Amino acid sequence: MTQFIIRRLLQSIPTLIGASIIIFLIFALAPGDYVTRQFENPKMTPERMEQLRALYGLDKPLPERYLRWAGNMLRGEMGDSLMFKKPVISVINDFIWNSFLLGVAIMFFEWLIASIIGIYSAVRQYSVFDTIATLIIFMLYSLPSFFLGLVLLKFFAVDLRWFPVGGMITTGSNYTGWAYIMDVAKHMVLPVATLTLISVGGLSRYFRANMLEVIKQDYIRTARAKGLKERTVIFKHALRNALLPLITLFTLEIPSLFAGAMITERIYNWPGIGKVVLQAIYVRDYPLFLGYTMLITVLTILANILADVLYGIADPRVRLK
Amino acid sequence: MLRKKWLPLLVVLVFALSVVLSACSKPQETQPSEQPKQEQTTPTASVQDSDNWTKAKDPSKIPEASKSRTDTLIIGLHEPAGTFNPLFYETAYDNYVLSAIFDGLIEVNFDGTYIPGLAEKWDLDKDNNTVTFHLRKGVQFSDGTPLTAHDVEFTYYVLADPTYDGPIDLSPAGIVGFKEYQEGKADKIEGIKVLDDYTIQIQLEKLMGTSLSDLGIPVIPKHYYGKDFKKGNLEGIKALMQKPLGSGPYVFDKFVPGQEVRLVANEHYWKGAPKIKNLIFKTTTDETAVQALQAGETDYETSNITAKKDNVELLESLGFVDYALLPTNGYGYIAFNFYQPKFQDVRVRQALTYGLNRKAIVDAVYQGLAEVRNVPQSKVSWAYPPEDEINPYNYDPEKAKQLLEEAGWKLGPDGYRYKNGEKFTIHFLQSTPNPVNDALVPIAVENYKQLGIEFIAEPMEFNLIVDKIKKAKEKTFDMYFMAWGLSAEPDPYNIFHSKGSQNRNGYSNPKVDELIVKAREELDMNKRKELYHELYKVLNEDLPYIFMYQRHDLNAKNMRVVGFQISSFRDFTYSLYQAELLQY
């Protein structure tokens, strides 16, 4: 097992280098740079623009820029964000945990609700519950997040005033301890609800499909024939086997916990990393964008390895070599 | 066994329920504050709002949530990035926050003229090319240290540093010794002299009417920012980015990234301590700005509500929201590529202006809340010419056709105009996404087809258009739509002078060059005003651009906040120290 992990980690080095080159090139070759947006500033002179480009190192040839950036990354230095004028790592640190909090809550409710609906739909295939659940889920699934977000905002925050309009804490508050947790929880309800409702659809389909497949297996019939209770059959014999492919899905979702949700964060004013990165793309803040993208890349590679390892542990039929 | 498995689910349900219930209980908490409602008299403020506010009439609609904040003003703002140093800020929103913490040497008045700020007066010496600032005595930074000429000198040195990458560009001022300092040939800037603690003199290569705007900087304290300052190393100053210290009406307290900036009143403020003790800038977005105001979560919204009829009607329907429509400091225009010979003929440019229904375009986008402009200046500025002296170029296709005929562009058998075998086609760079282009392109295609001109729009991203414009000489395009921002100083040298750094499409008119130089060099305001009126008349006739429109910015506030005297040039931050919260 250790050998397998080490080998996979070593294999991921070229992947990482390749990914970094592609990410760098896509960003560097896109038209415009951080100084370009000064184009609409009537006071800007070409001399000053050149001076700024030199200060930011944007005047150097591409290979040199890449090597300098990659070298810094190897030493753990992501550089300074151009628009925040402070280290990229501290910008990411300011925002990513807020996104993570949101992501974890969404993932929790998404898996919980999706599993309940998916399992019941499978066990009672084509029942009234299955039909209605499928209908509702697909309706929510097809809604764009900004639309559902704004609808929920209008009803629950503006009309009913149950929840705040946006943000993460009550403006000007100095809560600590439990009061702080409750305050953040209250602000989380609407964004979490929005993204959970939208994402539950896809996942519950996986649950349903996997369960359906397993339920038709011989060993389920055997379990029933042994006279086991239906509950034991479903939850112990069927569900455990149906969960196997979902391990991979679950593990691969981990990087997205840190990725942030650009649109929902914007609508609910959630101070997450998603909208910060979107802004970084608009203004071509390359140290911030590249630093963040590399972070997600590393997480994705690690999650892949983790998925393989976990799958090997859970399913004895799979041998890791 | 089974029960154990259901336990986590139960815990989650209880948690979820408790969240919902706690949220429901919120309105009840605020109810007690409704009771002490004995007096019916309307409270009044010592400083009223300026006349450009449309006032709300129904104090009973003020949300309870806002009423309960008796000593805190919350201003909704597009997310501040946290670059809290007036020499390094990256967005206009950060600059709003900074205007509450720092002061400038000079202030901008309602019409864009300059009035004293930290400098109580200044001498412009034409013979010696010097500007002398006399600082106000008794001004303190918020930590109690007096503000002196040494702080001003220090600020100039930071701005002149070779590694300085902030938004202020001192080089156009032409300070003697500035270049030598930047290039490393001198350790001091020869032209900056502190005469005494409250007087600083700047020696310029040439004193001009624009010098004041180039030199009128915000001032940062040397004793706080200057500890580790050495030429070529601004890291010590940047490290204090999130602990700003200035002399403005409010003192920085706390920044919660992505959420809010908290400030408290500066008791030592030289104009008088602010009447509202706490000031919070809260992040809002276009989508939620009105909702936050409506729910009472913010008191003032400055940049996030687009000036559209729908939004204005919505604000009016709320009953307790005052709003002000301020003409934006800027204008939209369609540029001609003067490297294309066909645009060298002024009659062609006029024809294209007469022949385009600009009002229809502007109304489609801004629903009547933007005006067609015919000169490159804001209606609010002191330099704006009298309306009756400029040609309004009202939509007139017949006149346009006539002008094209005169210019030699004759109708061919296919319905298009030709001159010397060349068909009149316009290749238009359409930046997307852009709401103005969405309205402009279909109308232009239709309007110009009527004149016998083929209008071909090529949609592309903004950055690509920038690349193309840089190569205007290669004649790959004819026209594009863009907008310029305007500041209090009207000098358009960069844009319209034939040697201007932002004159990208080869516009050149000796008369315009002459007037621009004359106007920027003149020191007497009345003479400058006349020169600009003349310049704008020439530009209005000569049409370096098809001038399109000036739109509006919408400021909105809860009627319980009063004392905002604002204009396009003098923004709300100047009023913060005098604003009050009325207790309804």
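Residues numbered from 1 in each chain as written. Chains lettered and ligands numbered in written order. Predicted model: local features only at pLDDT ≥ 70, side-chain atom pairs only at ≥ 80, totals over all residues. Heavy atoms only, no water.

Where an unreviewed UniProt entry is consulted, chain B appears under the name Peptide/nickel transport system substrate-binding protein, with the organism given as Caldanaerobacter subterraneus.

Spelled out, the test is: UniProt positions are given in the numbering used here, feature names are shortened, and annotations may be inferred rather than shown by experiment.
Per an unreviewed UniProt entry, chain A goes by Peptide/nickel transport system permease protein and derives from Caldanaerobacter subterraneus. Listed under Sequence similarities (unreviewed entry) in UniProt, the entry text for chain A is "Belongs to the binding-protein-dependent transport system permease family." The record held by UniProt for chain A lists under Subcellular location (unreviewed entry) the comment "Cell membrane".

Section: the interface of chain B and chain A
Threshold: The contact criterion used throughout is that any non-hydrogen atoms of two residues lie within 4.5 Å. The term buried area means the drop in 1.4 Å probe accessible area that two parts suffer when joined, counted for both and summed. Salt bridges are defined as contacts in which a side-chain nitrogen from Lys or Arg sits within 4 Å of a carboxyl oxygen from Asp or Glu. We call two N or O atoms a polar contact when they sit within 3.5 Å, provided that within protein one can donate a hydrogen and the other can accept it, with sequence-adjacent residues counted only if both atoms are side-chain atoms. Where helices and strands are cited, they refer to DSSP runs of H or I of at least four residues and of E of at least two residues respectively, numbered from the N terminus. Side-chain classes are defined by residue name, with Ala, Val, Leu, Ile, Met, Phe, Trp, Tyr, Cys and Pro counting as nonpolar, Asp, Glu, Lys and Arg as charged, and the others, Gly among them, as polar.
On the side of chain A, 59 residues touch chain B, which itself brings 66 residues to the contact. Broken down residue by residue, the surface that chain B buries against chain A is led by E90(B), D165(B) and Q259(B), which jointly contribute 9%. Along the contact surface separating chain B from chain A lie five salt bridges. Residue D165(B) pairs with K85(A) through a salt bridge whose shortest N-O separation is 3.7 Å. Connecting chain B to chain A are 19 residue pairs in polar contact (both at pLDDT 80 or more). The dominant element in the side of chain B that touches chain A, judged by the number of residues it contributes, is helix α1 (residues 2-24) of chain B, at eight residues. A breakdown of the residues in the side of chain B that touches chain A according to their chemical character gives 27 nonpolar, 23 polar and 16 charged.

Considerations on the sheet that holds strand β10 (residues 260-265) of chain B
All names here are of chain B. Formally: Pairing between strands requires that DSSP locate at least two bridges from one strand to the other. The axes used here are C-alpha line fits, helices contributing only the stretch in contact, and every angle between their N-to-C directions lies in the interval 0 to 180 degrees.
Taken together, eight strands build an open sheet; the order of strands is β1-β13-β23-β12-β2-β11-β10-β9 and the sheet is mixed. The two strands at the open ends of the sheet, each matched to only one other strand, are β1 (53-54) and β9 (250-256). Relative to strand β13 (residues 321-327), β1 runs antiparallel, the two being bridged by two bridges. Bridging across to β13, W53 finds its partner in A324. Contacts from helix α11 (residues 309-318) reach β13 and β23 (552-558), with the element oriented near 155 degrees to β13.

Brief notes about helix α2 (residues 46-55) of chain A
This is how it is decided: Exposure is judged per residue with a 1.4 Å probe applied to protein chains only, and the accessible area is read against the type maximum: over 50% gives exposed, under 20% gives buried, and values in between give partly exposed. Along the arc lie the directions from the helix axis toward the C-beta atoms.
Listing the buried residues of α2(A) in full gives R48(A), M49(A), L52(A) and R53(A). Within α2(A), the buried residues cover an arc of 140 degrees as seen down the axis, which keeps them to one side. Opposite the packed face of α2(A), turned more than 90 degrees from it, sit the exposed residues E47(A) and E50(A). Where α2(A) is buried, its residues touch α16 (462-470) of chain B.

Thoughts on the UniProt feature "domain: Solute-binding protein family" (unreviewed entry) in chain B
The positions that UniProt labels "domain: Solute-binding protein family" (unreviewed entry) are, in the present scheme, residues 114-504 of chain B. Across residues 114-504 of chain B one finds 27% helix and 23% strand; the C-alpha atoms that close the span lie 30 Å apart.

Considering the packing of aromatic side chains
Residues and elements named next belong to chain B. Selection criterion: Pairing of aromatic rings covers Phe, Tyr and Trp, the last through its six-membered ring, and needs centres within 6.5 Å; plane angles under 30 degrees mean stacked, over 60 mean edge-to-face, and all others mean tilted. Look at NZ for Lys and CZ for Arg. If either is within 6 Å of the ring centre and within 35 degrees of the ring normal, a charge sits over the ring.
Considering all chains together, one arrives at 47 aromatic pairs over all chains under this definition. Pairing F336 with F343 gives two aromatic rings, centres 5.0 Å apart and planes at 45 degrees, and the pair type is tilted. For the pair shown, F336 and F343 are each scored as buried. Ring geometry for F428 versus F455: centroids 5.1 Å apart, planes at 35 degrees, classification tilted. Of this pair, F428 sits in strand β19 (residues 425-431) while F455 sits in strand β20 (residues 454-460), placing them 27 residues apart in sequence. Grouping residues by exposure puts F428 and F455 together as buried. Clustering of aromatic rings is evident, with ring pairs tying together Y331, Y333, F336, F338, F343, W484, F496, Y507, Y545 and F547. Just above the ring of Y416 sits the side chain of K423; from NZ or CZ to the centre is 4.3 Å. One cation-aromatic arrangement involves R520 over Y493; the distance from NZ or CZ to the ring centre is 4.3 Å.

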